[in-house]
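# A closer look at the structure
Here is what each chain is made of, one letter per residue.
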Amino acid sequence: MPVARGVKIGVIGVVCAGMFGVAGYGAYNVYTALDGSGGGHSGSTAAATPGPLTAKQVADTAGKFLTAWSGGEIAKAAALTDSPQTATTALTGFRSQGHVTSLAISGIVPTVTATPAGATAGATATAATTAPAAPATATPAGGGQADFTVTAHLSADGVATTWTYASSLAVDHDSTGAPVVTWQPSVINPELGEGDSIVTGTGGAPAIDVTDRNGKALTAAAYPSLARIIEDLKSRHGDQVKGGTAGLETYVQHSDGTQGKVLKVLRKGTDKKLRTTLDAGVQAAAEKAVKGKNGAGVTALDIDDGTILAVANSDPSGTDIALQGADAPGSTMKIVTSAALIERGMGTGSAAPCNSTDNVQNGRMYHNDSPSLHNANADLLWDFANSCNTGFITQAPKLGANGLRDTAAQFGLTQPWNIGTATPDDQPGFPDGTGADELTSEMIGQGRVVANPLIMASVAATAATGSFHEPRIVAAGMINGRITAAGVGSRVSGDLRELMRGAITNGTATGVMSGFGPDSGAKTGSAEVDGQAATNGWFTAFAGRVAVAAVVHDAGFGNTSAGPIVAQVLRAS
């Protein structure tokens, strides 16, 4: 007899799984006739100490509940649970708030525990041979579980569709010993927790796509260096972006009214577009140029309006060297120093001897990058092209106490910038050079002067055009507190362009800037850093309407470390 009964349960399980649906309850009538005993409230007798439920009881109770639910008989389905009132509210809300017009249930697989309640171990017996994928539901000892598949027909705002998903329910004894469905919100859908409901309607606010200046989407996957910037831009400027439409979705709504997980999209929305000043092509070139370098950052600007074309860092998850770095800029600062000297009477051909042992007012003795760098007949053009430190610092008396800082102000370097994304609150912030040592240090980009590729690209842009444009990464109207600065004017700009062109044709930028025409200029730099074996390499240049600057930490001379990065980005611009 035990063997025959086991065969009967296996057969009936297959019948139930195959037959249940709109006519599911009829299938369970067949099961009852074969088994000879009732399940659920109907035909059950209370027992003082109920034993474990049989597969038949689990299948029958689950089947009656699911048949009533799918047939729209909410009260009948709820009466088969241990919490009829709560179940009624939830099942009714699912139909109305979820815009569910009809339901079909299929693929039911009942499972029972083989031990009485309170036992510490329990083997299980399953009444079907194949179970559909469904989330696990805790099965009480002595009770059972039924996995099933729901196909809901949805209709809202002129859109009709079907939504199919797997769910499960638990069956256990009620206070009289009869089998009932243990009510949980997850019976309706496994994503529901206490207090949750399912709603079909307009989704949340439209998502935001960050794009380049031409409307191409920018993603962290395609442009790793922009990961932080993209999220920051959404947070800062998302509310300012108009357009987009919300989607039509079926989603979880939490008890506090907030929207949870989207379960079904009936109609996709359209995203809002946050357009930046970035150029996807230049950005791709910048990402490639710094890849594999150690501590490298690069920034590219449009020299006509200061808009940022590209920002890239060799370690996208580390410090944003390109926009937030704070490093001594080395000899790239000689662009500003040259402007200060020109404004105070020097020209590109003015004498500025390059003597390797010169200092100022018996202060710190500076050496040149090469001990052999010496030219007693040098002029400003030669000193700039060859990056002679002593040729510059010996001109310090021409600047006085505030001359260098006053000219730095014309480059916008004495006021913090607001570019539309996060930069240090105190940058730029040119120091007050006091004392011969500090002033001469600042003249060659050392001392308390700090910068980053964004700042030095802007310096090159101001030198090339004579005008200062505060850099920005989004539309100017989206940023509060924009600053202005005087710029250096066309006369000084003309001399600076001559100096920077000379660095390419006859100086330290020769070779790396090969092939760039007369509408280009550059300046190399090397900055000493305490504790580093090598200097930081700097390079800034302009070509056509683009200015680029880069730094590579602990990498030595700028022409061999940062220079190739800048040249690669300029060629792609």
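Residues numbered from 1 in each chain as written. Predicted model: local features only at pLDDT ≥ 70, side-chain atom pairs only at ≥ 80, totals over all residues. Heavy atoms only, no water.

Remark: the empty space left among the atoms is shown by a probe the size of a water molecule rolled over them. Under the definition given, this model contains three cavities of 30 Å³ or more. Here the largest cavity is characterised by a volume of approximately 60 Å³. Lining the largest cavity, in full, are Met333, Leu413, Pro428, Gly429, Phe430, Val449, Val450 and Ile455. Here the residues of the lining of the largest cavity are counted per class, giving seven nonpolar, one polar and no charged. Approximately 40 Å³ is the volume found for the second largest cavity. Residue lining of the second largest cavity: Leu301, Asp302, Ile303, Gly306, Ser458, Ala461, Thr462, Thr465, Ser467, Phe468 and His469, and that is the complete set. Those elements giving two or more residues to the lining of the second largest cavity turn out to be β11 (296–302) and α14 (453–465). Of all the elements, α14 adds the most residues to the lining of the second largest cavity, at four residues. (1 Å grid on protein atoms, 1.4 Å probe; cavity = no way out; pocket = protein on both sides within 12 Å on 5 of 7 lines; lining within 4 Å. Points joined across faces, edges and corners; volume = space filled by probe spheres on them. Nonpolar A, V, L, I, M, F, W, Y, C, P; charged D, E, K, R; others polar. Helix = DSSP H or I, 4+ residues; strand = E, 2+ residues; numbered from the N terminus.)

Attention shifts here to the side chain of asparagine 452. Within the element layout of this structure, asparagine 452 appears in the loop between α13 (435–443) and α14. The class for asparagine 452 is buried, based on a relative accessible area of 2%. Looking at asparagine 452, its side chain comes within polar contact range of the main-chain oxygen of glycine 325, at 3.1 Å. Excluding its chain neighbours within four sequence positions, the residues that come into contact with asparagine 452 are Ile321, Ala322, Leu323, Gln324, Gly325, Gln427 and Trp538. (Buried < 20%, exposed > 50% of the residue type's maximum accessible area, 1.4 Å probe, protein only. Polar contact = N/O pair within 3.5 Å; in protein donor to acceptor, adjacent residues only side chain to side chain. Contact = heavy atoms within 4.5 Å.)

Taken together, five strands build an open sheet; the order of strands is β12-β11-β15-β14-β13 and the sheet is antiparallel. Unpaired on one side and paired on the other, β12 (308–313) and β13 (520–527) mark the two borders of the sheet. Here the strands of the sheet are splayed against their neighbours by 10° on average, with no regard to which way each runs. By the bridge criterion, eight bridges tie β13 to strand β14 (residues 536–543) in an arrangement that is antiparallel. Note on β14: the bridge partner recorded for lysine 523 is threonine 540. Each of β11 and β12 is contacted by helix α7 (residues 280–290), which is oriented at about 25° to β12, the strand it contacts most. (Pairing = 2+ DSSP bridges. Axes fitted to C-alpha atoms, helices over the stretch in contact; angles between N-to-C directions.)

The final tally for this structure, using the stated rule, is 13 salt bridges. Ionic pairing is found between aspartate 60 and lysine 64, a salt bridge with its closest N-O pair at 3.4 Å. Of this pair, aspartate 60 and lysine 64 both sit in helix α3 (residues 55–70), separated by four residues, roughly a single helical turn. When sorted by exposure, aspartate 60 lands in the same class as lysine 64, which is buried. Between arginine 267 and aspartate 157 there is a salt bridge, with its nearest N and O atoms 2.8 Å apart. With a gap of 110 residues between them, arginine 267 in strand β9 (residues 259–267) and aspartate 157 in the loop between β3 (144–156) and β4 (159–173) connect regions that are remote in the sequence. Overall, aspartate 157 belongs to the exposed group, its relative accessible area being 58%. (Salt bridge = Lys/Arg side-chain N within 4 Å of Asp/Glu carboxyl O.)

On to unusual backbone geometry. A cis geometry characterises the amide bond from glutamine 427 onward to proline 428, with omega recorded as -10°. Tracing the sequence through the fold places proline 428 in the loop between α12 (403–410) and α13. Even without being glycine, aspartate 157 reaches a positive phi, approximately 50°. Positive phi outside glycine occurs at aspartate 554, with the angle close to 55°. By secondary structure assignment, the location of aspartate 554 is in the loop between β15 (546–552) and α16 (563–572).

Our focus in this paragraph is the environment of alanine 156. Checked against the element boundaries, alanine 156 lands in strand β3. Sequence separation between alanine 156 and threonine 250 is 94 residues, and the spatial gap between their C-alpha atoms is 9.9 Å. Not counting chain neighbours up to four residues away, the residues in contact with alanine 156 comprise His99, Thr200 and Leu248.

The next point concerns the packing of helix α9 (residues 334–343) against helix α15 (residues 489–506). Two numbers describe how α9 lies on α15: the axes approach to 10 Å, and their chain directions differ by 135°. By the criterion of interaxial angle, the relationship of α9 to α15 is oblique. Our pair here, α9 against α15, has a crossing hand that is right-handed. Contact with α9, carried on its side by Ile335, Ser338, Ala339, Ile342 and Glu343, involves Arg491, Val492, Asp495, Leu496, Leu499 and Met500 of α15 and no other residues of that element. Residue composition of the contact of α9 with α15, by class: seven nonpolar, one polar and three charged. (Parallel < 35°, antiparallel > 145°, perpendicular 65-115°, else oblique. Left-handed = near helix turned anticlockwise from the far one by under 90°.)

Here we come to the packing of α3 against helix α5 (residues 84–97). Put simply, α3 and α5 touch, their axes get as near as 12 Å, and they point 35° apart. You can see that α3 and α5 cross each other, and the crossing is right-handed. Contacts between α3 and α5 involve Phe65, Trp69 and Ser70 from the first element and Leu91, Phe94 and Arg95 from the second.

The next subject is the side chain of threonine 332. Summarising the element assignment, threonine 332 is placed in the loop between α8 (321–324) and α9. Side-chain polar atoms of threonine 332 contact the backbone oxygen of proline 329, separated by 2.7 Å. Among residues more than four places away in sequence, those in contact with threonine 332 are Met456, Lys523, Thr524, Gly525, Trp538, Phe539 and Thr540.

For the rest of this paragraph, the subject is the packing of aromatic side chains. Under the counting rule described, the total for this entry stands at five aromatic pairs. Between tryptophan 69 and phenylalanine 94, the ring centres sit 6.0 Å apart and the planes meet at 50°, which makes this aromatic pair tilted. Of the two residues, tryptophan 69 is situated in helix α3 and phenylalanine 94 in helix α5; the sequence distance between them amounts to 25 residues. This pair shows no difference in class: tryptophan 69 is buried, exactly as phenylalanine 94 is. Pairing tryptophan 163 with tyrosine 165 gives two aromatic rings, centres 4.5 Å apart and planes at 40°, and the pair type is tilted. For tryptophan 163, a relative accessible area of 5% translates into the label buried. Judged by its relative accessible area of 9%, tyrosine 165 falls in the buried class. Three or more aromatic residues joined by ring pairs make a cluster, and in this case those are Phe65, Trp69, Phe94 and Trp183. The ring of phenylalanine 384 carries lysine 523 above its face, with NZ or CZ at 5.5 Å from the centroid. (Phe/Tyr/Trp six-rings, centres within 6.5 Å; stacked < 30°, edge-to-face > 60°. Lys NZ or Arg CZ within 6 Å of the ring centre and 35° of its normal.)

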